[in-house]
Every structure is written in C-alpha cells, then in structure tokens.
Amino acid sequence: MSFIRNTFMNVYKNRVYPNYWDIIALFCILAIITLLAWDAKQMSVPYHLGEPTKISLDPIYLPGYALRTVSRMFLALMVSLLFTFTVATWAAKNARAERIIIPIIDILQSVPILGFLSITLVLFMQLFPGSLLGPECAAIFVIFTSQAWNMTLGFYQTLRSVPADLKEAAHMFHLSAWQRFWRIDVPFSMPGLLWNTMMSMSAGWFFVVASEAFSVSNQEILLPGIGSYIAFASQSADLRAIGYAILTMFIVILIYDQLLFRPLVAWAEKFKSEMVPSEREAHSWVISFLHRTRLLRYAGNQIENLFERFVNVSIFRSKNQFNEIDQRAGNDKRWLAYVWSTVFILIGLMIVGMASYYVYLNVPLASVEHVFLLGLITALRVTMLIIICSLIWVPIGVWIGLRPHVAHVAQPIAQFFAAFPANLLYPLVIILIVSKHLNPEIWLTPLMILGAQWYILFNVIAGASQLPKDLLQVTDNFGLTIWLRWKRLILPGIFPYYITGAITAAGGAWNASILAEVVSWGNTKLVATGLGAYITQQSETGDFMHLALGIGMMCVLVLLFNRIIWRPLYVLAQRRYLLD
C-alpha cells in the first residue's frame, strides 16, 4: 500500500498526468485484462471425463478458440522461462547437478507427448475433479514439454560461454551470485534466449493439435482451441475450415509477433556484446508508441526501480563467490564426486533393472524385438532428415544472422512457417500419395521434420548474430576467401549453437514421428512403419503395456544417440569453439 501511495504522491508532485497516448494504451490494457478474465472463467467450467465437448467449424468461433490456445501457450511459456532460469542455471553452475540434469533433459525431450498426456491427464483430473481445469492443465503441461527443453539447453549453453572478461568484471565489482545472474548472465544470454523462446513458441504451435485433441484409453478429449478445430476439420474432411484455421493462425502469429517478440528483439539489441555496432538496429512501433506515453513511461521507471531493489536485495548478497567453470571442479571434493556419480549410476541401473523386469513379465520378447526394429526405422528417418536440414539451413541461417536488416524481415516469416502445424498439410499429402500411388513409407517422412527443422535455423541465426563484428571486419580487411572465412570463424563460432539446435531438432523429430507416421483425412488413413506409428496406435487402443514399451524404447534410443553422437560433439563445441 505504501508503494501505491508514494507512486500517486510522486505523480501529483511531478505533474505526471496522462496524455492521449496513455488513454489509448490503457484501453488496450483493459481489453487484454477483460479477455484474460473471460478465458480464465472458461478454463474452470464443470467437466467430467467422457463428456463430449462441442467444437464448431463455424469461423465465427475462431477468435475465441485462438484466445484459448494462445493463453495456454503463454502460460506454458512462462512456466518454461521459470524452469529455464532455475534448472539451466543450476546445471551450468554446479558440476554435480550438471551430471544429473543434462542426462535427464536428454531423456525428457525424447519422451513422446502422448506419454506425458497419459500420465499427467490422470494426475490433473484427480487434482481438479469435475472441472475442465484438469484437462486444461494437462494440455498446458504438454505444451510446456514442447517448449522447455530447447530453452533450457540453449540457456545452459550460453551460460557456459560467458566471456572471461565479464566474469572478471563481476569479481572486481564484488557481485554476488544473485547479482551476477541478473547483471551478467541474463543480459549476455538474452539474444540467444529470445530466439530460442520464439522457436519454443513455434514448437508449441506444432504440437497444439495433439495437446488439445487427443484420445486416451478410447476416451476422446477436445479442448476448445485452434488445435481441436483443426483436428475436427480433418475428421470432417473440411478444406474450407482448414483454410480458416490457416488464416487465423497467420493473424494470431502476426499480432503477438508485433506486440511481443518484435519489441523484445529491439530491446535485446542493447545486450549484444560487440565492439562494432550493428548495420541496422531493430525497431518496434510498440516501443515508439510507449515512448510517447507519459504515465506509462513513469510507471515503467517505477517498475525498473523495483527491479533494481529485487536484484540488490540484501538477503541474496552473499559474499561467497565462485567462478562457474574453473573453480567449481576444484571446490568439489574428489571423494564426494565419486560418491555422487556412484549413487547416480546405481539409481539409473536400478530404474533400468526394474523397467526391464516389468517388461519381461508383461511383454513377450518377440514384441520387444519388433519394437526395437521399428525404432531403428524411425532413427534412420531422423538421421537422414537432420543431415538434409543441416545442409539447407546452416548456410541460410548464417546469411540471415549476419544481416540484421534481413533478420528483421525473416523473423516473422520463419516464425510463421515454424508454427505451421504439419496437420494442415495432411490433406494435400494424402491426396498426393493416393492419387499418384506413392509409397507412404517415403512420402510421410518429410512431415517429421516440418516442425523440428526450425530449431536448427533459429539456433544458427542466434549464433551468427552473436559473432563479433570486429572479427568479421578483420576477415574482410585481410581478404580471406569464403571457405577460409567459414572454416576459421563462422563454423567455429556457430558450432555450439548448431549442436544445441541439432540435438533439439532430433528430439523434436522423434516426437513428431507420432504425428507424421500416422495421418488421416476423413475416412482415409495412411500409416508408415515406425515407432511413432506404433505409439499412436497403442495410445488409441488404450494398451498401456505396449504403450509403455514404445515410449521406453524411444527414450532408450534417443538417449543412446545423444550419448554416442550428440554429447561428444557438445563437449567438443564447449572446449574448442566457444568464443570468449
């Protein structure tokens, strides 16, 4: 209360009265609050499992469906940011925690979204009995799982690459760990984190159909939203409704890009650590509009003061300092590290042993062999797609990232295509395959990478935009050839970012296989042999034993690929190619 009273007194003394720009902004804020209040009320209406939810294909309902979907996605995004700041920082600052957190994230990003749905739906339905809030929370959690892992790995990677001079500056100014996080770590990581946030938002769009319209144990659940609208339009074979959904998605993405991400991109320009200014700084009409206000600008200054107090709060100003990379290994006692690793390995072996014994008792060995072969088929598809996408998007991403004026135009375009659900292409794919008598085993494969490929592009753009402009000018002054420039500067500079994107893209492709290997349009259904199709079929029939087998096999295969291929490359990127 004292803060509010002091604020009004300062407004009166300084004669900070609202102008007409403030009035327009306040009307917009009140409209947003009203819409959010209506959406919150709709999320908690009475609901019982098995009760049919009416979804209308009338386009007049699409604005309300869009609001419901966007609300779920932003709620999931806020939880993802909190998870990222907490877990990624813990892994980057603590060696023992890193040995556990990074493998767990490797496992979690390999778990199909249907696996999360099967578990979380029951949990949230019990937490919120007789309310739609249970399925809503399950959907939000599923969208969270499509966003959090990419953001966490990207933030973890940038925290590990904070330049040594910034660490020395933090030590010279006697910043506590809390202050160093907000003054050094977050600002340095902001450009890459922002690109990964946009990518995660797009990944949420890709899986929004599966999170809003799903079947568990022969029970179909439809949550009002664009995803369920698309699913119902596909079941009804209504091309016109699909067209309305595409138009609505385009408008929604354009709106939150202009109102949120474009201002954040312009704001994050000041956090780039480079000696040479960019050729063209990003601008936002929203920021220009807010600069013209009087009362809101004053309120923004007060919020900035509150943030200063939050960063400098005395309870977190510990004098115990530590360097993230060099000192943390020295501070760990050797015997404690051995005990920690031994306990972690024993717990992992115990979990694997219990799972293997459970499978041995309930699933025939022939089924395990069959599922393993299906997993190898899907793994071959994922590997080929990652190679092809890398050859295509790495050069394009570097070209965009080195040209801020191009990135300014390409960002909303790439974001729209990244958010474009593969489900909307099912009618065209099915019509093409059936009419041309094509092989579904081959022509359904590209659907797996439609959403995952953007992880590579966005991370490469983030890496290229972080390349020091002074080093780029040095290569120009020395007249280096294009190949030598790529070999000595560009490829080493973007390699850590590319590995992060490729790891997440591979995990996304594995997850997308459950949508891409089984497609339907009306009464026509095409199936490609693979682990994703197997998991989808078992989820629809409610066979929990074989569903658990499929999910477990996918986790094991993804973890093996990460340990054998991606993890060594990630370590190589950290040790040799981080630019200090």
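Coordinates for the structure precede this section.
Procedures and definitions
Residues numbered from 1 in each chain as written. Predicted model: local features only at pLDDT ≥ 70, side-chain atom pairs only at ≥ 80, totals over all residues. Heavy atoms only, no water. Patch = residues over 30% accessible without salt bridge, like charges linked within 9 Å, V, L, I, M, F, W, Y side chains within 5 Å. Areas by Shrake-Rupley, 256 points an atom, 1.4 Å probe, with all protein chains shown as cover. Salt bridge = Lys/Arg side-chain N within 4 Å of Asp/Glu carboxyl O. Helix = DSSP H or I, 4+ residues; strand = E, 2+ residues; numbered from the N terminus. Buried < 20%, exposed > 50% of the residue type's maximum accessible area, 1.4 Å probe, protein only. Contact = heavy atoms within 4.5 Å. Phe/Tyr/Trp six-rings, centres within 6.5 Å; stacked < 30°, edge-to-face > 60°. Core = buried A, V, L, I, M, F, W, Y, C linked by side-chain atoms within 4.5 Å.

Caption draft 1: Summary view of a nonpolar patch on the surface. Where nonpolar side chains cluster on the molecular surface, the patch consists of Leu247, Phe250, Ile251, Leu254, Ile255, Leu259 and Trp285 and spans about 690 Å² of accessible area. Sort the elements by how many residues they give to the nonpolar patch and helix H11 (residues 239-268) lands first, with six residues. Residue classification places Trp285 among the exposed residues on the basis of a relative accessible area of 51%.

Caption draft 2: Spatial organisation of the side chain of Asp39. The topology assignment puts Asp39 in helix H2 (residues 20-43). For Asp39, a relative accessible area of 3% translates into the label buried. Discounting chain neighbours no more than four positions away, the residues touching Asp39 are Leu67, Arg68 and Ser71.

Caption draft 3: The arrangement of the packing of aromatic side chains in detail. Here the structure, examined in full by the defined rule, presents 22 aromatic pairs. Arranged with centres 5.6 Å apart and planes meeting at 85 degrees, the rings of Phe83 and Phe144 form a pair that is edge-to-face. Of this pair, Phe83 sits in helix H3 (residues 62-93) while Phe144 sits in helix H6 (residues 133-159); the two residues are 61 residues apart in sequence, bridging distant segments of the chain. Its relative accessible area of 22% is what places Phe83 among the partly exposed residues. Both rings, one in Phe155 and one in Phe181, keep their centres 6.3 Å apart while their planes meet at 80 degrees; by these two values the pair is edge-to-face. Linking Phe155 in helix H6 with Phe181 in helix H8 (residues 177-206), this pair joins segments that are 26 residues apart in sequence. For Phe181, a relative accessible area of 9% gives the class buried. Among the aromatic side chains, those forming a connected cluster through ring pairs are Phe85, Phe155, Trp178, Phe181, Trp182, Phe307 and Phe310.

Caption draft 4: Layout of the pattern of salt bridges. In this structure the tally under the stated criterion is ten salt bridges. One salt bridge in this structure joins Glu308 and Arg183, with 2.6 Å as the shortest N-O distance. On the criterion of sequence distance, the pair formed by Glu308 in helix H13 (residues 295-311) and Arg183 in helix H8 is long-range, its members being 125 residues apart. A residue is classified by how much of its surface remains accessible, and Glu308, at 28% relative accessible area, is partly exposed. The residue Arg381 makes a salt bridge to Glu441 at a minimum N-O spacing of 3.0 Å. One end of the pair, Arg381, is in helix H16 (residues 365-401); the other, Glu441, is in helix H19 (residues 440-443), with 60 residues separating them in the sequence.

Caption draft 5: Layout of the environment of Leu123. Looking at where Leu123 falls in the secondary structure, it is placed in helix H5 (residues 113-127). Separated by 15 residues in the primary sequence, Leu123 and Ala138 have C-alpha atoms spaced 8.4 Å apart.

Caption draft 6: Inspection of the nonpolar core at higher detail. Counting residues in hydrophobic clusters, the biggest one holds 142 residues, and the most contacted among them are Trp205, Ile456 and Leu531. Counting residues per element, this core draws most heavily on helix H22 (residues 482-516), which supplies 17 residues. Non-local contacts of Leu531, meaning those with residues more than four positions away in its chain, are made with Val371, Leu374, Gly375, Thr378, Trp510, Glu517, Gly550, Met553, Met554 and Leu557. Counting residues in hydrophobic clusters, the runner-up holds ten residues, among them Leu121, Phe124, Ala138 and Ile221.

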